[in-house]
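# Architecture and fold: a report
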Amino acid sequence: MSDFRAGRLAAVRAKIAAFEARARADCGVSPFGDPRIDARLPGGGLPLGAWHEVAGEGLESETAAAPAAFAALMAAPLAARGAAVWVLRCDDLHAPGLAGLGFPPERLIQVLARDEAEVLAVMEDALASAGVAAVFGEVEAVDLRAGRRLQLACERRGASGFVIRRRPHGGAARGAAVGAAAATRWRVAAAPSEPAPGEFGLGPPRWRVALERCRGGRSGTWLFEAARAFTDFGDMIDGTHPLRLVAELGDRDLAPAPVLRLAG
C-alpha cells in the first residue's frame, strides 16, 4: 500500500474515531448517587448512549426475573427523558410489578417479537427513534456484529439499551460471544430482604449485583435494594435513584471447617 493511501486510510479512521467519541461523550451518565459504585463507573455513573448487558444465574436464564427488575430500576431515571420500549419473546412482563418497584408504567411500550433476530431488529429501530430514552430486549446472546449495530443505534439519538439475557423456552445454551461490545456487563441474583428496624414482615426487594465488565471502569460486587415505590411520576425526577446501595461486598475466605476427632 502506498504512503498516500495509507495516510488517507489513517485520516478516515481518525475521523470515525473522533465522531464516535463525540457521540458517546455528549450522552452523559446516569449516576446512582453513591460514590461506592459511581467511582467505579466512567464519568461517575452509568454510561448513556450505549447498551448494557444484564444476566442472571441458574433458573434466571429462563425467567430473568431478577435481572429484569434490576435493569428496570437502573433505567428508571431515563424515563424522565422519553419512552421506554421493552421487546419480549414471551408475553409475561408484569407492568404493575414494575410500577410497585418504582418504574413508571405510563412510559412503557411493550413489543412482542417472534424470535431473537426480530428482538434485535426492533431494538435497533427503537433506539434510533425520536422520543425513546431506553430500550430493553430479552435475548439469549448478542454476537459481535449485532452488538456493534446496537451501539451505533444507541449513538444515533443518545438512547440507552439494556440486553436482558434470557432463554425463555429452556434448552441448551448457545456458545455465542456475548456482551463483547457492551459498555457494562452485570450479573444479578435475588437476595434476602430485610425489614426496616422496628418493622415486621418483608422488606424491599434486594439483589446481589456484580459488575463483571465495565469499559473504562472497574468491576465490583454490591448489595442493592429498591429504594421506594413511586406514587407519582414527579417523585422519580427529584434526584433520588430508585436503587439504593446497601453494602459493598467483597470476596471473603470461608472459615475452615471444624475437624472432628473420634474418641478412641
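Described below are features of the structure shown in this document. (Residues numbered from 1 in each chain as written. Predicted model: local features only at pLDDT ≥ 70, side-chain atom pairs only at ≥ 80, totals over all residues. Heavy atoms only, no water.)

Its boundaries defined by the atoms lining it, the largest pocket holds a volume of some 260 Å³. The set of elements that each furnish at least two residues to the lining of the largest pocket consists of α4 (65–75) and α5 (95–101). The element contributing the most residues to the lining of the largest pocket is α4, with four residues. (1 Å grid on protein atoms, 1.4 Å probe; cavity = no way out; pocket = protein on both sides within 12 Å on 5 of 7 lines; lining within 4 Å. Points joined across faces, edges and corners; volume = space filled by probe spheres on them. Helix = DSSP H or I, 4+ residues; strand = E, 2+ residues; numbered from the N terminus.)

Here we take up α4. Within α4, ten of the eleven residues are buried, which leaves the element mostly enclosed by the surrounding structure. Every buried residue belonging to α4 is among A66, P67, A68, A69, F70, A71, A72, L73, M74 and A75, and all of these are buried. (Buried < 20%, exposed > 50% of the residue type's maximum accessible area, 1.4 Å probe, protein only.)

Okay, unusual backbone geometry next. Leaving glycine out, the prevailing phi sign among residues is negative, and the prevailing peptide bond configuration is trans. For A64, which is not a glycine, the phi torsion comes out positive at approximately 55 degrees. Relative to the assigned elements, A64 resides in the loop between α3 (60–63) and α4. On the basis of relative accessibility, which here comes to 2%, the residue A64 falls in the buried class.

Most of strand β6 (residues 132–139) is tucked away: eight of the eight residues are buried. In the sheet, β6 pairs with strand β7 (residues 160–165) via six bridges, with the strands oriented parallel. What sits directly across from G137, in β7, is V163. With helix α7 (residues 144–157) bridging β6 and its parallel neighbour β7, the resulting β-α-β unit is right-handed. (Pairing = 2+ DSSP bridges. Right-handed = clockwise from strand over helix to strand, strands pointing away.)

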